[in-house]
Amino acid sequence: FLKSPYHNTNKNLINLFLTLQKSSKEKSLSPDNESVYNKLFSGRKYDYSRLRVLSSELLQKAEQFLSVNKFLTDKAETKLYLLNELKNRKLDAHYRTNFREAENYLSTSDKIDQSYFLNRYKLYNQYTDYLVSIDEEGNSTSIVLKSGENLLAFFLTGFLNIAHELKIHEETFN
């Protein structure tokens, strides 16, 4: 991730990561700031603020990595973002192909829970926006209905989950 020029252009971040990684494998204690700085910038006077800024950037990249990694594992969410970009770029053929793929993916889900209905709502809502963007809102009635049905199912499953949790809580603590 850090070595990818798409995600990072600061070579010092890579060196800091490698230095910290190496020292974590060699010792049980964390290295002190000055020794890390000297490994990164040998021959230069220790600059605490420079190391602090670099460490902060490394933390941001680590958080970005976790976010991107989680995002890429959620196929429904990635398809929704892709559909939005395809709509914005007016790539209609690709949009329709990817919409069908997303619809099939969600339809074959073996886990029908609250997130299932939320994702279907988002998908049909996204498709309604697409139809409006290409001036075909007249064809959107059945899609708006599907969107509404899934939104209602999302709220009902959420409500039932809360009622169930409250009942368990009541039986456990009363």
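Since we're looking at a predicted model, the values are computed, not measured. Residue numbers here run from 1 along each chain, matching the order of that chain's written sequence. pLDDT decides what is reported in this predicted model: residues at 70 or higher carry local features, side-chain atom pairs at 80 or more are listed and counted, and totals for whole chains, interfaces and linings draw on all residues regardless. For side-chain calculations, the full set of non-hydrogen atoms in the structure is used, while hydrogens and water are omitted.

Regarding helix 4 (residues 75–88)
Since the α-helix turns once every 3.6 residues, residues separated by three or four places project in the same direction. Rule in force here: Comment: elements are numbered from the N terminus, with helices defined as DSSP H or I runs of at least four residues and strands as E runs of at least two. Given a helix with a known number of residues, its expected span is that number minus one, times 1.5 Å. The contact rule is simple, with two residues in contact once any of their heavy atoms fall within 4.5 Å.
Compared with an ideal rise of 1.5 Å per residue, which puts 14 residues at 20 Å, helix 4 spans 20 Å between its outermost C-alpha atoms and is within 8% of the ideal. In this fold, the buried residues of helix 4 make contact with helix 3 (48–73), helix 5 (92–107) and helix 6 (114–133). Looking at the residues trailing helix 4, positive phi occurs at K90, about 60°.

Description of the environment of L54
For clarity, the cut-off: To sort residues, take the accessible area from a 1.4 Å probe on protein chains only and compare it with the maximum for the residue type: under 20% means buried, over 50% means exposed, and anything in between is partly exposed.
Along the chain, L54 turns up in helix 3. Under the relative-accessibility criterion, L54 is labelled buried at 5%. Taking the C-alpha atoms as reference, L54 lies 8.0 Å from L16; in sequence the two are 38 residues apart. Sequence-distant contacts of L54, defined by excluding residues within four places in its chain, comprise N10, N12, L13, L16, L40 and F41.

Some remarks on the pattern of salt bridges
For clarity, the threshold we go by: Salt bridge, as applied in this entry: a Lys or Arg side-chain nitrogen positioned within 4 Å of an Asp or Glu carboxyl oxygen.
Inspection of every chain in the model, using the stated rule, returns seven salt bridges. Residues K111 and D113 are paired through a salt bridge, measuring 3.5 Å at the closest nitrogen-oxygen approach. In this structure K111 comes out as exposed when scored by relative accessible area, which is 55%. Its relative accessible area of 23% is what places D113 among the partly exposed residues. Two residues, E171 and K167, come together in a salt bridge whose shortest N-O distance is 3.8 Å. With E171 and K167 both in helix 7 (residues 141–173) and four residues apart, this pair spans about one turn of that helix. Taking relative accessible area as the criterion, E171 reaches 54% and is therefore assigned exposed. Its relative accessible area of 44% is what places K167 among the partly exposed residues.

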